[in-house]
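Here is what each chain is made of, one letter per residue.
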Amino acid sequence: MSDSLPPVPRRRWPIITAAGVVVATAAYLLAVRTGIGQTIENAALRGADQASERDVHQAWGSLDQITVYSLAAGVLIVAAIAGLRRRWDLLVAAVAVIVAGQLIVQMLKRYVLPRPELVDITGHFAHNSLPSGHTTIAMTVLFATIIVVPYRWRGLALVLMLAWAVGIGHYTLTAKWHRLSDTIAADAISLALACLASWWLVARGGVSRYTGRAKVIPVIVTVSATASAIISLLLGAVLWGVPIRTQGLTAATREDEWDIYLGATAFASAGSVIAALVFLAAWHRLDTTRRTAALQDTRAGVRADE
């Protein structure tokens, strides 16, 4: 068997990074800088008022668990995994994704992105909340975990982290902390940062081809997540299409606002799942195990088969 492996692909990382920037920009321009975008998202916020007390309590409880201390704990856990692997490059890349994510979204939200008054609004509807800091924390922690864990543990990491990360984006709408565009922009920015970090790792030789057998858990999670994203997108389209097509937004009833809210949560969940799937696809059969070690494992497997 030849010891040479195909080179690790590099082109995909800047392409996905650029796509993330485009999606985040589009979310802002379409949802914040247009009257119809603001009208739809304000209707979704009013629809969230009809959520059950149990759902709101669960949303607030989950969001309240994300604090400076829990964020620091997440950073320490990710750093500890990289440290145990004696991979300081992984530590730098993963921690940079989480920290940079917060620095960028807070700067954008507070100082860079204005929210013009294009429709009649009052109270908290008027302030800018794009991008979502909570969604960014959840997604960057998920991406950082994928970066630091070895390939054989990636499936377990997905099982533990994916549902939580997707749920946070959903809960921000239920708690009325954020709008749909806030979560979509946060997903896109998190994905862009994670791909930049991955690009850096690839450039310095920190990523190798995985030559072993496919793991069952990642396949199951990927298939399930893909089905979930498709269903969520279709559900969101139906929930938004019915009130908008039949009565229009200006004549939206209380029931219409509830449907628009449910559609927004469906789209928010789909956005987070799609961002995770794109990152997983970029890392398909790529490992952060050193290339020499991977070759040794491959040779050992060949000898065992002989």
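A. Local environment of the overall build of the protein. Assigned secondary structure in the protein consists of 11 helices and 2 strands. Start at the N end of the protein and walk to the C end: the helices and strands fall as α-α-α-α-α-α-α-α-β-α-α-β-α. A total of 306 residues make up the protein; the buried ones form 51% of that total. Counting only contacts in the protein whose residues sit at least 6 apart along the sequence, the fraction spanning at least 24 positions is 87%.

B. Representation of the side chain of T140 within the structure. Residue position: T140 is located in helix α6 (residues 133–148). On the basis of relative accessibility, which here comes to 0%, the residue T140 falls in the buried class. Of note is the side chain of T140, whose polar atom sits 3.2 Å from the backbone oxygen of I137. Among all residues touching T140, those that are not within four sequence positions of it are V97, I98, G101 and S190.

C. Just a nonpolar patch on the surface, in detail. A cluster of nonpolar side chains, W153, L156, V159, L160 and I217, forms an exposed patch at the surface whose accessible area comes to about 490 Å². Take the nonpolar patch: its biggest share by element is 3 residues, from helix α7 (residues 154–174). Along the polypeptide, L160 turns up in helix α7.

D. Fine view of helix α3 (residues 53–64). In this model, α3 (12 residues) spans 16 Å end to end at C-alpha, consistent with the 16 Å of a helix rising 1.5 Å per residue. Along α3, the positions that sit buried rather than exposed are A59, S62 and L63. When α3 is viewed along its axis, its buried side chains cluster within an angular range of 95 degrees and face the same direction. Within α3, the exposed residues directed more than 90 degrees away from the buried face are E53, R54 and H57. Residues of α3 that are buried make contact with α6 and α7.

E. Geometry of the pattern of salt bridges. Going through the model one piece at a time under the given rule, you end up with 4 salt bridges. Linking E257 and R46 is a salt bridge whose minimum nitrogen-to-oxygen distance equals 2.8 Å. One end of the pair, E257, is in helix α10 (residues 254–282); the other, R46, is in helix α2 (residues 35–48), and 211 residues separate them in sequence. Residue classification places E257 among the buried residues on the basis of a relative accessible area of 13%. For R46, a relative accessible area of 33% gives the class partly exposed. Salt-bridge contacts for D89 lead to R204; the nearest nitrogen and oxygen are separated by 3.2 Å. Highlighted residues: D89 in helix α5 (residues 88–112) and R204 in the loop between α8 (180–203) and β1 (208–209), separated in sequence by 115 residues. Bridged by salt links that share partners, the residues R87, D89 and R204 form one connected network.

F. Inspection of α8 at higher detail. Helix length check: α8, at 24 residues, gives a terminal C-alpha distance of 35 Å against a target of 34 Å (1.5 Å per residue), a fit within 8%. Across the 24 residues of α8, 19 count as buried, placing the element largely inside the fold. Two residues or fewer past α8, G205 is found with a positive phi of approximately 80 degrees.

G. Structural view of unusual backbone geometry. Omega for the peptide link from L130 to P131 comes to 0 degrees, which places this bond in the cis form. Positive phi outside glycine occurs at R285, with the angle close to 55 degrees. In this fold, R285 is placed in the loop between α10 and β2 (286–287). A residue is classified by how much of its surface remains accessible, and R285, at 24% relative accessible area, is partly exposed.

H. Quick look at the packing of α5 against α8. It is at 9 Å that the axes of α5 and α8 come closest, and there the two elements cross at 150 degrees. Taken together, the axes of α5 and α8 are roughly antiparallel relative to one another. α8 is crossed by α5, and the crossing has right-handed handedness. Residue-level contacts link D89, L90, V92, A93, V97, A100, G101, I104, V105 and L108 of α5 to I189, L193, A194, A197, W200 and L201 of α8.

I. Focus on the side chain of S232. Here S232 is to be found in helix α9 (residues 216–246). The class for S232 is buried, based on a relative accessible area of 13%. When sequence neighbours within four positions are dropped, the list of residues in contact with S232 reads A266 and A270.

J. Molecular detail of the nonpolar core. Residues W13, L142, F143, I147 and F279 are the most contacted members of the largest nonpolar core, which totals 56 residues. Discounting chain neighbours no more than four positions away, the residues touching L142 are M161, L162, A165 and A276. With 12 residues, the next largest nonpolar core counts A27, V32, A188 and I189 among its residues.

Cut-offs applied
- Residues numbered from 1 in each chain as written.
- Predicted model: local features only at pLDDT ≥ 70, side-chain atom pairs only at ≥ 80, totals over all residues.
- Heavy atoms only, no water.
- Helix = DSSP H or I, 4+ residues; strand = E, 2+ residues; numbered from the N terminus.
- Buried < 20%, exposed > 50% of the residue type's maximum accessible area, 1.4 Å probe, protein only.
- Contact = heavy atoms within 4.5 Å.
- Polar contact = N/O pair within 3.5 Å; in protein donor to acceptor, adjacent residues only side chain to side chain.
- Patch = residues over 30% accessible without salt bridge, like charges linked within 9 Å, V, L, I, M, F, W, Y side chains within 5 Å.
- Areas by Shrake-Rupley, 256 points an atom, 1.4 Å probe, with all protein chains shown as cover.
- Salt bridge = Lys/Arg side-chain N within 4 Å of Asp/Glu carboxyl O.
- Expected span 1.5 Å × (residues − 1).
- Arc of directions from axis to C-beta.
- Axes fitted to C-alpha atoms, helices over the stretch in contact; angles between N-to-C directions.
- Parallel < 35°, antiparallel > 145°, perpendicular 65-115°, else oblique.
- Left-handed = near helix turned anticlockwise from the far one by under 90°.
- Core = buried A, V, L, I, M, F, W, Y, C linked by side-chain atoms within 4.5 Å.

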